[in-house]
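# Coordinates in review
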Amino acid sequence: MIIRTQSLQKIYRVGVERIHALRGIDLEIEPNEFVAIMGSSGSGKSTLMNILGCLDQPTAGRYELAGRDTSRMSSRELAQARNEQIGFVFQSFELLPRMTALRNVELPLIYARGSWRGRRRKARLALDRVGLSDRIHHRPNQLSGGQKQRVAIARAILNNPAILFADEPTGNLDSATTRELMKVFEALHDEGQTIIVVTHETDVAAHCSRIIQLTDGLISSDLKTGNGQARTQVDGDRPEVVVAPAAASPAPKTDGSPR
Amino acid sequence: MINPLFYLQAILLALGQIWVNKTRSFLTALGIIIGVASVTAVIAALSGLKTKVLTEFEAFGASKMFILHDRPPGIDSNKYSWSQIRMKIPELEAISLHCPSIERLTPITGLGGTVEAGNETVNGVGVTGIWPAWHKIENRNLIMGRPFTMIDEKHARQVCIINDTSIEKLRLDKDPVNDHLIFKGRRFLIVGVVEDKADSMFGADFGAGGTEVELFIPFSTAAKMQSPRFFFMIIAQLVSPEVADEAAAEVKFTLRKMRHLDPGEPDTFRIEAMDKYIEQFKGLAAGITAIAGGIVGISLLVGGVGIMNIMLVSVSERTREIGLRKAVGATPAAILMQFLLEAITLCLVGGLIGLGIGELLALGLTMIPDAGLEEAAIPMWAVVMSFAFCATVGVTFGMFPAIKAARLDPIDALRHE
């Protein structure tokens, strides 16, 4: 179990008003799952991702990341957890404009514990994995949207994180680029990476092995897709979502690669 | 806590930021630049002046001591008459006999008047009565003829020594020894010629040193030509500069005894050693340096406010970057350090430019003719202090923006437009 939450709640105070963003989320995510978190705006999906990504802490409830309770972590420990166990991909890429792709990818290592030896090699390897080894010395403004997002993915996977979070990763991309990018995610998933994508696009969710729907701060549905096969059948072009009840009965494990 | 290479990275990043915003950074650091440039230039000028003055003092004689009359301060000036306080010849003799710390001494007394030689007349000539020891004490050697002898002194002979310039001014022979000249109706035999006074910052004829006619006559002769209560002072050369205190004590003891001063009575004379002047001057120079430093320190603080302002702008401009850095694992301490290093780097770069300008100003000072600043140079301690001050300004004024950056919430920061 990589992620386990118990009745996770988040309440924001805006003036005197209290906004219940999360009303009690119970969620378990296994290694090498490819999860889509969906929901309309205001459903709490961003809040959930922020808490799962250790950017924020719940008001109530419990969140264990790789067996560690995060509620007792200091901001320093949370930063360390983000550095070592979590990779983020954002909708607007968030690359530093004056740095080359390689430097951008290296960034998390600046804040890593231990030796910096081999950081360049590590960054090259990550760029290689997203298929950008020919663009390492380009700056963000010399890259296309899809390439920028792949640099961002390379940066996120640099430290071999336990979970890769992607917040609307294709929100700023056209459909052709979106398909290309989803192939990158699928490839990473095939290599064993656990991925959580927050999206409102069903095309994107269709690539995932599990779809969690959030409504008003609660999980309204949690479905496993038969995506392992689906992907090979329809080849990414809006595949039929094979619905299987997830938490209720132990569904046949069809997701992910054999390893 | 943080990887050492992080610091390098942060400094490189800061330099990059400065380079990208060249104009802005320059204007921001201008306060620091001007502050450092002016403080280093002022210190350079002062240290140049100090070097020059101390060299002068040394040439003048650090082991010299002056003994002269003094009216005790704060006491009714009628209580001690001139006859009581003036130096007297038996006192002079006593000091020359009983003060072992004094190597040699000479009384000096000044007369003035018109000197005639042949058809030539020069008005307002300074005429000084001296003992032969004067040459060694004042370091002015004879270039022709002989010094005064004991016989000249004992018999108050009408002999004189002139300075080199006088030969020309009085239209004398190239070798004027054994010629005569007239002073106050008396005929004086020229027995020697002394070199002109070296150009000096001190002395009565500053700026015109050595170009005036000077006449020297035996002290006893000069005494005879004046009223019985004439004024003279004693210049003594000490065995070494270190015995100034001993010598002063010896003179004081001798004079108090001669003048029958009771233990409760104040001194009616004054002893001034050169090293006292040196100390006074050093104190003065340190005081001026401190004042200049203080004023410029204020200007550096004003520069610091500019730094703080621009750092706040930088933090708000780069909010998303801060959010991203936090998302990939930067701790608050790392963000704090990054912005602090940026402020310090900005200040130090400003300090470096200021130092360069200060160095140029110092160079310019040395080129001003007759300003006495040929030795102007920025001392090492001023360089170190400038940088230390710049770093302090950077830390002080960079701290608030850096704390602001470190406290940013990563989620809000990433959402920032």
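Please read all numbers here as calculations on a predicted model, not as lab measurements. (Residues numbered from 1 in each chain as written. Chains lettered and ligands numbered in written order. Predicted model: local features only at pLDDT ≥ 70, side-chain atom pairs only at ≥ 80, totals over all residues.)

## So, the overall build of chain B
Formally: A run of H or I in DSSP becomes a helix once it reaches four residues, and a run of E becomes a strand once it reaches two; helices and strands are each numbered from the N terminus. We call two residues in contact whenever the C-beta atoms placed from their backbones are within 7 Å.
What chain B contains, in helices and strands, is 14 helices and ten strands. When contacts within chain B are restricted to residue pairs at least 6 apart in sequence, those whose partners lie at least 24 apart make up 82%.

## What to know about the nonpolar core
This is how the line gets drawn: The nonpolar core criterion groups buried Ala, Val, Leu, Ile, Met, Phe, Trp, Tyr and Cys residues into a set whenever they are joined through C-beta atoms within 7 Å. We call a residue exposed when 12 or fewer other C-beta atoms sit within 10 Å of its C-beta, buried when the count reaches 20 or more, and partly exposed for counts in between; the C-beta positions come from the backbone.
Of all hydrophobic cores here, the largest spans 125 residues; its most connected members are Ala36(A), Ile37(A), Ala154(A) and Ala343(B). Broken down by element, this core gets its largest block of residues, 15 residues, from helix α12 (residues 332-366) of chain B. Aside from chain neighbours lying at most four places away, what touches Ala154(A) is Val105(A), Ala126(A), Leu127(A), Arg129(A), Val130(A) and Leu132(A). Counting residues in each nonpolar core, the second largest holds 50 residues, with Trp134(B), Val213(B), Ala248(B) and Phe269(B) among its members.

## Describing the pairing of strand β9 (residues 233-238) of chain B
Residue and element names in this part refer to chain B. Going by this rule: Any two strands between which DSSP finds at least two bridges are classified as paired.
Counting buried residues along β9, five of its six residues qualify, which places the element largely inside the surrounding structure. Both strand β1 (residues 64-69) and β9 contribute to a ladder of four bridges, which runs antiparallel. Looking at the pairing, Lys-64 lines up with Gln-237 of β9.

## Here's the deal with helix α13 (residues 380-407) of chain B
Note the threshold: Expected helix span is given by 1.5 Å per residue-to-residue step, counting one fewer step than there are residues.
An ideal rise of 1.5 Å per residue puts 40 Å on 28 residues; α13(B) measures up with 40 Å between its terminal C-alpha atoms. Turning to α13(B), its buried residues are Ala382(B), Ser386(B), Phe389(B), Cys390(B), Val393(B), Gly394(B), Phe397(B), Gly398(B), Pro401(B), Ala402(B), Ala405(B) and Ala406(B).

## With respect to the packing of helix α3 (residues 101-110) of chain A against helix α5 (residues 145-157) of chain A
Packed helices, taken two at a time, are described by their axes: the angle between them and the distance between them. Residues and elements named next belong to chain A. For clarity, the cut-off: Fitting a line to C-alpha atoms yields each axis, with helices limited to the stretch in contact; the angle taken between N-to-C directions then spans 0 to 180 degrees. If an angle is under 35 degrees, it is roughly parallel; if it is over 145, roughly antiparallel; if it lies from 65 to 115, roughly perpendicular; otherwise it is oblique. Crossing handedness is read from the near helix: turned anticlockwise from the far helix by less than a right angle, it gives a left-handed crossing, and turned clockwise, a right-handed one. In this classification, the charged set is Asp, Glu, Lys and Arg, the nonpolar set is Ala, Val, Leu, Ile, Met, Phe, Trp, Tyr, Cys and Pro, and all remaining amino acids, among them Gly, are polar.
Following both chains from N to C, one finds α3 and α5 inclined at 30°, their axes separated by 7 Å at the closest point. Between α3 and α5, the angle falls in the class roughly parallel. As for how α3 packs across α5, the hand of that crossing is right-handed. Two secondary-structure elements touch here, α3 through Ala-101, Asn-104, Val-105, Leu-107 and Pro-108 and α5 through Val-151, Ala-154 and Arg-155. Considering only residue class, the contact of α3 with α5 consists of six nonpolar, one polar and one charged.

## A short note on helix α11 (residues 319-327) of chain B
With respect to burial, α11(B) is a largely interior element, seven of its nine residues being buried. All of the buried residues in α11(B) are Glu321(B), Ile322(B), Gly323(B), Leu324(B), Arg325(B), Lys326(B) and Ala327(B). Where α11(B) is buried, its residues contact α2 (75-85) and β6 (86-89) of chain A together with α12, α13 and α14 (410-415) of chain B.

## Points about the sheet that holds strand β2 (residues 17-29) of chain A
All names here are of chain A. Strand order in the open sheet formed by four strands is β2-β1-β4-β5, with antiparallel pairing between adjacent strands. Each edge of the sheet is formed by a strand with only one pairing partner; in this case those strands are β2 and β5 (68-69). By the bridge criterion, five bridges tie strand β1 (residues 3-14) to strand β4 (residues 60-65) in an arrangement that is antiparallel. Its bridge partner lying in β4, Thr-5 is registered against Tyr-63.

## Let's talk about the interface of chain B and chain A
Counting residues at the interface gives 20 residues for chain B, matched by 20 residues for chain A. Of all elements in the fold, only α1 (4-20), α11, α12 and α14 of chain B reach the threshold of two or more residues within the side of chain B that touches chain A. Along the lines of polarity and charge, the residues of the side of chain B that touches chain A split into twelve nonpolar, five polar and three charged.

## What about the pairing of strand β3 (residues 34-38) of chain A?
Residues and elements named next belong to chain A. With respect to burial, β3 is a largely interior element, five of its five residues being buried. Judged by which residues are buried, β3 turns out to be covered on both faces: Phe-34, Ala-36 and Met-38 on one side and Val-35 and Ile-37 on the other are all buried. Where β3 meets strand β8 (residues 194-198), four bridges bridge the pair, whose relative direction is parallel. When the bridges of β8 are listed, Phe-34 appears paired with Ile-195.

## Some points on the confidence of the model for chain A
Which entries qualify depends on this criterion: The predictor's confidence in any single residue is recorded as pLDDT, a number from 0 to 100.
Summarising the model, chain A shows a mean pLDDT of 85, and 86% of its residues fall at 70 or more. Note on residues 229-259 of chain A: pLDDT under 50 across the span, and 47 contacts to partners over four residues away in sequence or across chains.

## Topic: the confidence of the model for chain B
Residue and element names in this part refer to chain B. When the pLDDT values of chain B are averaged, the result is 86; 94% of them are 70 or greater. Note that residues 203-209 has pLDDT below 50 and, in this model, eight contacts with residues that lie over four places away or in other chains. The ipTM assigned to the predicted complex is 0.85, against a pTM of 0.69.

## Digging into the packing of helix α4 (residues 89-98) of chain B against helix α9 (residues 244-258) of chain B
All names here are of chain B. The N-to-C vectors of α4 and α9 enclose an angle of 140°; their axes lie 10 Å apart at closest approach. For the element pair α4 / α9, the angle class is oblique. Between α4 and α9 lies a crossing of right-handed hand. Here α4 contributes Pro-90, Glu-91, Ala-94, Ile-95 and His-98 to the contact with α9, which in turn contributes Glu-250, Val-251, Thr-254, Leu-255 and Met-258. In the contact of α4 with α9, the residues fall into six nonpolar, two polar and two charged.

## Considerations on unusual backbone geometry
Unlike most non-glycine residues, Phe93(A) shows phi in positive territory, near 65°. Judged by the 22 C-beta atoms lying within 10 Å of it, Phe93(A) falls in the buried class. For Arg171(B), which is not glycine, the phi dihedral falls at a positive 50°.

## Some points on the environment of Asn309(B)
Residues and elements named next belong to chain B. Following the sequence through the fold, Asn-309 ends up in helix α10 (residues 274-317). With 13 C-beta atoms counted inside 10 Å, the residue Asn-309 sits in the partly exposed group. Separated by 89 residues in sequence, Asn-309 and Gly-398 have C-alpha atoms that sit 9.1 Å apart.

## Things to note about the environment of Ala362(B)
Residue and element names in this part refer to chain B. As for its position among the elements, Ala-362 is in helix α12. In this structure Ala-362 comes out as buried when scored by C-beta crowding, with 22 C-beta atoms within 10 Å. Sequence separation between Ala-362 and Ala-44 is 318 residues, and the spatial gap between their C-alpha atoms is 6.0 Å. Ala-362 has contacts with Ala-41, Ala-44, Ala-376, Ala-377 and Ile-378, leaving out every residue within four places of it along the chain.

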